[in-house]
Amino acid sequence: MAIILDGKKLRDKILVQLKSKLDSLDKKPTLAVILANDDPASLIYVNNKKKTAEKIGINSSVYTYPKNVDEKTLINKIRELNNDKNITAILVQLPLPEHIDKQKIINTIAPKKDVDGLCDYNFGKLFAGEKPYVYPCTPKGVLLLLDEYNIELEGKHAVVVGRSNLVGKPLAQMLLNRNATVTICHSKTKNLPDITKTADVLVSAVGENIIEEKMLKPNCVVVDVGIFKDNEGKLHGDVDFENVSKIASYISPVPGGVGPMTIASLMLNTVELSAD
Ligand code: GUN
């Protein structure tokens, strides 16, 4: 049976460390969150971020807009937050409505307040193998979780399923920076199982139930970034946990794996940005 990569436990450990660090600071960081969609899941995520921040001593403010908000309104708000000395970190909750140019909005955030590390400056630094102000939260959380369990990456074949800017692309680059041999798979990949079967470390970030036991080699490490609800409202990841956990060496559960680590990384990033 696989060892569980326990994201909740590591999140709690990180939050305790952060809280004691924050308790010793005179000036607390302030995280500004922009929410501009009507997605109930996004609202839950944002409330969770705010609650966690406040619990450890990070101030936070949430700016909510209707989904028909125009680009100019969001850009003006971000410029105002960029110029506000009390705001140390800015997060635009994704997804944004279709009519909004997502990258234009993200690029309006000053790079040193871009707590998601998603603007062109921070992304470019990452892909150039240089240091961005911060690394994107979910990939950072995945690596923290692997490191916590001393999972070796150098020389290993890491297969990332999913190529989003939020997870797949930056994670692949971060694994490459750690000297893994990286393959990125996506919806147009042919013979996915032939590739996943050669993975020493498999990370799936798709949002569909696609990873089965027969697609994996025994003793591989499996990280499940996917999260979605079935018709009955039950939460699932991308991985058939019940069967895959019988053959994997390590596996992250959903919920309780990468999700809590994303929040922990956001808190770490918020504190890192306030120190600059
Ligand atoms: N939506 C889902 N995950 C994330 C995330 O990590 N950052 C932002 N900004 N939006 C998200």
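Small disclaimer: the values here were computed from a predicted structure and weren't measured.

Caption draft 1: Here's a closer look at the site of the ligand. Within the structure, the ligand sits among L91, V92, Q93, L94, D116, T138 and L166. A distance of 2.9 Å separates a nitrogen atom of the ligand from a polar backbone atom of L94. Protein coverage of the free-state accessible area of the ligand, which is 270 Å², stands at 85%.

Caption draft 2: Seen up close, the nonpolar core. Of all hydrophobic cores here, the largest spans 49 residues; its most connected members are L146 and M267. Looking at this core element by element, the count peaks at nine residues for helix α10 (residues 258-275). Discounting chain neighbours no more than four positions away, the residues touching M267 are L15, L18, K49, T52, A53, I56 and I58. Membership of the second largest hydrophobic core comes to 21 residues, among which are I90, L94, L96 and F123.

Caption draft 3: Inspection of the pattern of salt bridges at higher detail. The tally for this structure, following the rule as stated, stands at 12 salt bridges. A salt bridge links D38 to K67, with the shortest nitrogen-to-oxygen separation between them at 3.7 Å. Taken together, the positions of D38 in the loop between β2 (30-35) and α2 (40-56) and K67 in the loop between β3 (59-64) and α3 (71-83) put the pair 29 residues apart, joining distant regions of the chain. Between E71 and K104 there is a salt bridge whose closest N-O contact spans 3.0 Å.

Caption draft 4: Up close: the pairing of strand β6 (residues 181-185). Taken together, the five bridges between strand β5 (residues 157-161) and β6 define a ladder with parallel strand orientation. Pairing of V160 across the sheet is with I184, part of β6. In this view, the connection linking β5 to its parallel neighbour β6 by way of helix α7 (residues 168-177) has right-handed handedness.

Caption draft 5: Looking closely at the packing of aromatic side chains. One pass over the full model with this rule turns up three aromatic pairs. Between F123 and F127 the ring centres are 5.3 Å apart and the planes differ by 45°, which places this aromatic pair in the tilted class. Here F123 pairs with F127, and both are found in helix α5 (residues 120-127), just four residues apart, close to one helical turn. By relative accessible area, which is 14% here, F123 ends up buried. Its relative accessible area of 37% is what places F127 among the partly exposed residues.

Caption draft 6: Structural detail: the sheet that holds strand β11 (residues 250-251). Pairing is parallel across the open sheet formed by six strands, whose spatial order is β1-β11-β8-β7-β5-β6. Both edges of this open sheet fall to β1 (3-4) and β6, since each of them pairs with a single strand only. Pairing geometry for strand β7 (residues 201-204) and strand β8 (residues 221-224), over four bridges, is parallel. When the bridges of β8 are listed, V201 appears paired with V221. Along the sheet, α7 makes contact with β5, β6 and β7, crossing β5 at roughly 170°.

Caption draft 7: Inspection of helix α1 (residues 7-23) at higher detail. With 17 residues, α1 extends 24 Å from end C-alpha to end C-alpha; this agrees with the ideal 24 Å at 1.5 Å per step. Those residues of α1 that fall on the buried side of the exposure criterion are G7, L10, I14, L15, L18 and L22. The buried residues of α1 occupy an angular sector of 135° when projected down its axis, which confines them to one face. Projecting away from the buried face of α1 at angles above 90 degrees are the exposed residues K9 and V16.

Caption draft 8: A look at the environment of V206. For V206, the location among the structural elements is in the loop between β7 and β8. In this structure the C-alpha to C-alpha distance between V206 and L144, which are 62 residues apart in sequence, comes to 20 Å. Excluding its chain neighbours within four sequence positions, the residues that come into contact with V206 are V161, G162 and D238.

Caption draft 9: Here's a closer look at the pairing of strand β4 (residues 89-92). Here β4 shows no split at all, with A89 and L91 on one side and I90 and V92 on the other all buried. Bridge count for β2 against β4 is four bridges, and the pairing is parallel. When the bridges of β4 are listed, L31 appears paired with A89.

The rules behind the values
- Residues numbered from 1 in each chain as written.
- Predicted model: local features only at pLDDT ≥ 70, side-chain atom pairs only at ≥ 80, totals over all residues.
- Heavy atoms only, no water.
- Near = heavy atom within 4 Å.
- Polar contact = N/O pair within 3.5 Å; in protein donor to acceptor, adjacent residues only side chain to side chain.
- Areas by Shrake-Rupley, 256 points an atom, 1.4 Å probe, with all protein chains shown as cover.
- Core = buried A, V, L, I, M, F, W, Y, C linked by side-chain atoms within 4.5 Å.
- Buried < 20%, exposed > 50% of the residue type's maximum accessible area, 1.4 Å probe, protein only.
- Helix = DSSP H or I, 4+ residues; strand = E, 2+ residues; numbered from the N terminus.
- Contact = heavy atoms within 4.5 Å.
- Salt bridge = Lys/Arg side-chain N within 4 Å of Asp/Glu carboxyl O.
- Pairing = 2+ DSSP bridges.
- Right-handed = clockwise from strand over helix to strand, strands pointing away.
- Phe/Tyr/Trp six-rings, centres within 6.5 Å; stacked < 30°, edge-to-face > 60°.
- Axes fitted to C-alpha atoms, helices over the stretch in contact; angles between N-to-C directions.
- Expected span 1.5 Å × (residues − 1).
- Arc of directions from axis to C-beta.

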